[in-house]
Structure formats: structure tokens, C-alpha cells
Amino acid sequence: MIYDCAIIGGGPAGLNAALVLGRARRTVALFDNNQPRNAVTHASHGFLTQDGVTPAEFRRIAYEEVLRYPSVEHHASKATSVRRLADGFEVVADNGEAIQARKILITTGLKEILPDIPGVVDMYGQSLFNCPYCDGWELRDQPLIVVSDHERMYHLAKLLYGWSRDLVICTHGSSILTDEQKEQLTSRGVTVTEQKITAFHGQNGKLEQVEFADGSRINRTGGFITPVWVPQAGFCEELNYEKTELGGIQTDETGRSSIPGLFAAGEAASGGSSQLILSAAAGSLIAVHINMELTEETFSS
């Protein structure tokens, strides 16, 4: 059997694409080994009708809806190799399974590399987060720490001022903020420090204190950090597709990559983090373009 489309990645983009293609009566092989990036998150926000849903419940509902369509198959494995064929692609999974497909959609998202600070792993997703729009409301009016050496630190600091006025901005040893930016923040009561953080202290994932390199500590109940985002797409050596500046798969507005028949959606295409609803929307849109390409090929043969 040659599938119409193999989808690699079962996040919101891949699942929504599978739903659209299933409803279009396309045969789909969805490779998903159930290791979503947002598994540490207690709840997902900003998705109309699903605000506050847990990642596990979101996936349960999504699969219940997607697998109603008999032409969609869930392959509970990780795709480890993709090879171009004369008339499509071959996908090989980590369990040795190999399938062929006319089109490939990569929606594998990102891997997060957290700052190397003791305590951050235990608190990430519980009291330390990366997206204000996803978790700012839950931390509103609390004493917060913002830790980042990213060039967008000033933007992040200003943004979080809308959720809490009790902010400590820490560049973790970096001089990323200009004197003018520091003055803008401190004039509004925001504390700015360039000291390195040596540990986050707390219990059961809840932040209580932040310890700095000079041994001083401050009380904080939550905060935001900026992980390093690394695209998980892979397959570049095998397929030789063009990349974005952030390392994602370069695509046009229809999701098409530089390789005919290879599409990407969501974070796999942008190379940057995205909200749940935006990734799902991208998956839906790209699935429509994949279906149109398959349709045109049927009528041109």
C-alpha cells in the first residue's frame, strides 16, 4: 500500500492535518511515539473551547476524533529515516516498519534545552514557564523572576509588566540590556540584575527562592525563562531541504519545502515556539494544500 501522506509528528499541527486529510478521504500514516514537548505543562491555554485542557486530555480527544476516519492510521513509533523514491518517499520507523507515501508532512516541533541551573527542571511547567500568553494569567500579580540572555529580553520584560508589576529581570551574566532599557524598566519599579543565578529553590515544583552568585536570595513564586529551541525535524542529510535562519524547514505559504512532495507545518517549519492554536491552524491549512496537490496530480495523469 502507498499512502497518500505520511505525517511525522503527532502534535497539534500533525493531528489537525490528519483530521483534515482523513475527512478528505486520504490515506494517512501518522507517526507519533507519544512524547509531546508540552508533556510537562499542567494545562494548555489560549485555545478556544479547550482553555485549561491538560496535554494528555487534548491528545486523547484529538485521537478520538482523528481515528474516527478509517483512512487514518496511527503508527505508535518514531520515524527515523525518510528516503526519496521515484514516485514518493519511504519512511522507516524505529521498530523497523517501513511504509511508502506520495507526500510527507513533517510536524515534529521543537526540543527545549533549559538553562543549566539547579532546580529549573523540577519547576519548569509548574512555576517556571516560557510563554506569557500561555501562563501569564495564572501568575498574575505574583512576585516573578524573568531569566533570559536572549536579545528579546527587553520585549519580554515589558510584556510581563502587564501581568505583574513585581518583577525581577535577570540577564544571567549577560549585558543584553542597554542602559536606556534598564532605565526604562527601573523607572517603573522593575528590578534589573545581571548576576548569574546559581539555583532555584522550592518544593513540589513550586518556586520559593532564587539564589544568585553572590549568595544572596530573593523570594519569588514563579517566573519565565527562555529555553534554547532546537528543531527536531532531522532528515536534512537524507532529503537536503533548505532551512530557515532558526533551523526549521524552509517553506512557502502553502507549506511546500524546497523538495517536491515534502511539506512542513507548525514549529517544524518556523523553527520557533508557537501557541497550540497556531500550530493546529497551520496543520489544517497545509493539509488543504496537500490535498489540492494530490487532486491536481490525479487529473494531470
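Read on for an overview of the structure. (Residues numbered from 1 in each chain as written. Predicted model: local features only at pLDDT ≥ 70, side-chain atom pairs only at ≥ 80, totals over all residues. Heavy atoms only, no water.)

**Remarks on the packing of aromatic side chains**
- Summed over all chains, the structure comprises 3 aromatic pairs.
- With a centroid separation of 6.3 Å and an interplanar angle of 50°, the aromatic rings of Phe 129 and Phe 224 are classed as tilted. With Phe 129 in strand β8 (residues 128–129) and Phe 224 in strand β15 (residues 222–225), this residue pair connects regions lying 95 residues apart in the sequence.
- A centroid spacing of 5.7 Å and a plane angle of 85° characterise the contact between Tyr 133 and Trp 163, whose relative ring orientation is edge-to-face. Here the residue Tyr 133 occupies a position in helix α4 (residues 132–135), and Trp 163 occupies one in the loop between α5 (153–160) and β10 (167–170), the gap between them amounting to 30 residues.
- Under the relative-accessibility criterion, Tyr 133 is labelled exposed at 52%.
- Residue placement shows Arg 140 over the ring face of Trp 137; its charged tip is 3.9 Å from the ring centre. (Phe/Tyr/Trp six-rings, centres within 6.5 Å; stacked < 30°, edge-to-face > 60°. Helix = DSSP H or I, 4+ residues; strand = E, 2+ residues; numbered from the N terminus. Buried < 20%, exposed > 50% of the residue type's maximum accessible area, 1.4 Å probe, protein only. Lys NZ or Arg CZ within 6 Å of the ring centre and 35° of its normal.)

**Let's talk about the environment of Phe 89**
- Relative to the helices and strands, Phe 89 is located in strand β5 (residues 88–93).
- Judged by its relative accessible area of 2%, Phe 89 is buried.
- Residues Phe 89 and Gln 100 lie 11 residues apart in sequence; the distance between their C-alpha atoms is 5.6 Å.

**A word on the sheet that holds β8**
- Taken in spatial order, the 5 strands line up as β8-β15-β9-β10-β11 in an open sheet, and their pairing is parallel. Strands at the two margins of the open sheet, each flanked by one partner only, are β8 and β11 (191–193).
- Pairing of strand β9 (residues 144–147) with β10 involves 4 bridges; the strand directions are parallel. Bridge assignment links Leu 144 to a residue of β10, and that residue is Leu 167.
- The sheet strands contacting α5 are β9, β10 and β15, and the helix crosses β10 at an angle near 175°. (Pairing = 2+ DSSP bridges. Contact = heavy atoms within 4.5 Å. Axes fitted to C-alpha atoms, helices over the stretch in contact; angles between N-to-C directions.)

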